[in-house]
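This is what each chain is made of:
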Amino acid sequence: MLAIETHNLTKTYQGQGGCQGISLAVPRATVFGLLGPNGAGKSTLVKMLVGLLQPTSGEAKVLGKPIQDAASRQKVGFLPENFRYHDWLSGEDLLRFHASLFGLSASESAGRIAEVLNMVGLSEHRHKRVGNYSKGMQQRIGLGCALLPDPELIFLDEPTSALDPIGRKVVRDLIVSLQEQGKTVFINSHLLSELENICNHIAIIKQGNLLFQGNWRELTNRQVQVKIILDVLGNENRLADAVPTEYQVISQTPIIKNTRYELLISCPSEEDIPGLIHSLTAANYPIFEVTPVTDSLEKIFLDYVSNRGWEGR
Ligand SMILES: Nc1ncnc2c1ncn2[C@@H]1O[C@H](COP(=O)(O)OP(=O)(O)OP(=O)(O)O)[C@@H](O)[C@H]1O
């Protein structure tokens, strides 16, 4: 069963904006990244999936249940982007209030609140008023609220935007551990370098339309470049003879003239990198460094949203 499944899901505001005809399949136990420029329709899509907006048309299921059915949200956590919580409550009281909304009994919630405070690193600050929390702490207590029901599926809208580098790492590690427990994490973020480290599956939307969904790493494996630092043994002109014809030397840059060079070579696929190294070592070139150069998530994203698409690169 998929974690999220949508068919032609559409929401427009007086016939404009929103998102149109989104058919999405989010596998379970993945960290799924929803990417798109400002105004692409990401929040609109998430709000429909968590029951905050009624679709104009189309269908969607969350954890196997139609989104119109409140039961679909029983095992769902949600951290909205512009959260504003009851700032007169302490962190612990805020969690207690949310636990009651989730229907947890007093005895269930006591243990769970302590666990969640620990997960988001706020145990020490549990008695402080949320209004006196820093922005990063407020984001972490919001994450705590979303984690309370031990969700199978958790929606995080820009979860690290207010966090310092240490807080970002804590949240990253938390997301990875949720996935390892078999949970699905659906993240809406502009921080592509962060997403790159934790998610394989993505969807890209622009102007309300879905441009791509799937495993972005499979795109980068189609064509790979490799950076090699080697000793040219006093004659860089002979080097090309050692490179088989299925590879293409893109650049050859001296680091130390007549001695050490940096080559950038295009390989048909990642699997062909060992063959290239074998050819160079068979020709007796001492190799000091080999670094595969794959496209970043940012490059893939920019290719899609600038209409170049992937195939047309
Ligand atoms: N309540 C609303 N009334 C009218 N138009 C809206 C409303 N909410 C969103 N829109 C429009 O729908 C489109 C998608 O907005 P949405 O907030 O879903 O985008 P987003 O991808 O989440 O943007 P961002 O990255 O800036 O948060 C935009 O054109 C926006 O102006």
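This is a predicted model, so every value here is computed, not measured.

**Things to note about the overall build of the protein chain**
Stage number 1. Within the protein chain, the regular secondary structure consists of nine helices and 15 strands.
Stage number 2. On C-alpha atoms alone, the protein chain measures out to a radius of gyration of 24 Å, which is more than a quarter above the 20 Å that the 2.2 N^0.38 rule sets for 313 residues.
Stage number 3. Viewed in the frame of its principal axes, the protein chain has a C-alpha envelope of about 75 × 50 × 30 Å.
Stage number 4. Here the protein chain holds 313 residues, and the buried ones make up 44% of them.
Stage number 5. Within the protein chain, contacts between residues separated by at least 24 positions form 68% of all contacts whose residues are at least 6 apart in sequence.
Stage number 6. Accessible surface computed for the protein chain: about 15,400 Å², of which carbon and sulfur atoms make up 48%.
Stage number 7. Averaging the locations of the 30 positively and 33 negatively charged side chains of the protein chain gives two centres separated by 6 Å.

**Considering the sheet that holds strand S14 (residues 260–267)**
Stage number 1. One open sheet accounts for four strands, arranged S13-S14-S12-S15; its pairing is antiparallel. Sheet topology places strand S13 (248–256) and strand S15 (287–293) at the edges, where each strand pairs with a single neighbour. Across the sheet, the axes of successive neighbouring strands diverge by a mean angle of 15 degrees, strand direction being ignored.
Stage number 2. Of the strand pairs in this sheet, strand S12 (residues 224–231) and S15 are connected by six bridges, and their pairing is antiparallel. Following the sheet pairing, valine 226 is matched in S15 by proline 292.
Stage number 3. Of the strands in this sheet, S12, S14 and S15 touch helix H8 (residues 273–282), which is tilted by about 20 degrees from S12.

**Structural notes on the packing of aromatic side chains**
Stage number 1. Evaluated as defined, the whole model comprises three aromatic pairs.
Stage number 2. When the ring of phenylalanine 155 is compared with that of phenylalanine 186, the centres are 5.3 Å apart and the planes differ by 55 degrees; the resulting orientation is tilted. With a gap of 31 residues between them, phenylalanine 155 in strand S8 (residues 153–157) and phenylalanine 186 in strand S9 (residues 184–188) connect regions that are remote in the sequence.
Stage number 3. For phenylalanine 155, a relative accessible area of 1% gives the class buried.
Stage number 4. Taken together, a centroid distance of 5.4 Å and an interplanar angle of 35 degrees make the contact between phenylalanine 212 and tyrosine 304 tilted. Separated by 92 residues along the polypeptide, phenylalanine 212 in strand S11 (residues 209–215) and tyrosine 304 in helix H9 (residues 297–305) bring together distant segments of the chain.
Stage number 5. Since its relative accessible area comes to 13%, tyrosine 304 is described here as buried.

**Looking at the site of the ligand**
Stage number 1. The local shell around the ligand holds 13 residues, among which Gly18, Gly39, Lys42, Ser43 and Thr44 are the closest.
Stage number 2. Within the contact set of the ligand, an oxygen atom lies 2.7 Å away from a side-chain nitrogen or oxygen of lysine 42.
Stage number 3. Measuring from an oxygen atom of the ligand, one finds a side-chain N or O atom of threonine 44 at 2.6 Å.
Stage number 4. Calculation on the ligand without its partners gives an accessible area of 640 Å², and the protein chains cover 58% of this total.
Stage number 5. Looking at the shell around the ligand, the elements with two or more residues in it are strand S2 (16–22) and helix H1 (42–49).

**Here we look at the sheet that holds strand S10 (residues 201–206)**
Stage number 1. Overall, mixed pairing links the six strands, which are arranged S7-S8-S9-S4-S10-S11 in an open sheet. In this open sheet, the two edge strands, each paired with only one partner strand, are strand S7 (76–79) and S11. The average angle at which neighbouring strand axes cross in this sheet is 15 degrees, direction not considered.
Stage number 2. Sheet analysis places strand S4 (residues 31–35) next to S10, joined by four bridges and oriented parallel. Across the sheet, leucine 34 pairs through a bridge with alanine 203, a residue of S10.
Stage number 3. Strands in contact with helix H4 (residues 135–147) are S7 and S8; relative to S7, the strand with the most contacts, it is inclined by about 165 degrees.
Stage number 4. Along the sheet, H9 makes contact with S4, S10 and S11, crossing S10 at roughly 30 degrees.

**Some details on the domain arrangement of the protein chain**
Stage number 1. Partitioning the protein chain into domains gives domain 1 (2–218) and domain 2 (224–293).
Stage number 2. For domain 1 and domain 2, the distance between their C-alpha centroids amounts to 45 Å.

**Examining the packing of helix H3 (residues 106–119) against H4**
Stage number 1. Remark: H3 packs on H4, axes separated minimally by 9 Å, with the N-to-C direction vectors making an angle of 140 degrees. Classified by the angle between their axes, H3 and H4 sit oblique to one another. The crossing of H3 and H4 is right-handed. Between H3, through Arg112, Val116, Leu117 and Met119, and H4, the contact on the second element is made entirely by Ile141, Gly144 and Leu147.
Stage number 2. Among the residues making up the contact of H3 with H4, the classes are represented as five nonpolar, one polar and one charged.

About the criteria used
Residues numbered from 1 in each chain as written. Predicted model: local features only at pLDDT ≥ 70, side-chain atom pairs only at ≥ 80, totals over all residues. Heavy atoms only, no water. Helix = DSSP H or I, 4+ residues; strand = E, 2+ residues; numbered from the N terminus. Rg over C-alpha atoms; globule rule 2.2 N^0.38 Å. Buried < 20%, exposed > 50% of the residue type's maximum accessible area, 1.4 Å probe, protein only. Contact = heavy atoms within 4.5 Å. Areas by Shrake-Rupley, 256 points an atom, 1.4 Å probe, with all protein chains shown as cover. Lys, Arg positive; Asp, Glu negative; His and termini not counted. Charge placed at Lys NZ, Arg CZ, Asp CG, Glu CD. Pairing = 2+ DSSP bridges. Axes fitted to C-alpha atoms, helices over the stretch in contact; angles between N-to-C directions. Phe/Tyr/Trp six-rings, centres within 6.5 Å; stacked < 30°, edge-to-face > 60°. Near = heavy atom within 4 Å. Polar contact = N/O pair within 3.5 Å; in protein donor to acceptor, adjacent residues only side chain to side chain. Domains from an automatic or database assignment. Parallel < 35°, antiparallel > 145°, perpendicular 65-115°, else oblique. Left-handed = near helix turned anticlockwise from the far one by under 90°. Nonpolar A, V, L, I, M, F, W, Y, C, P; charged D, E, K, R; others polar.

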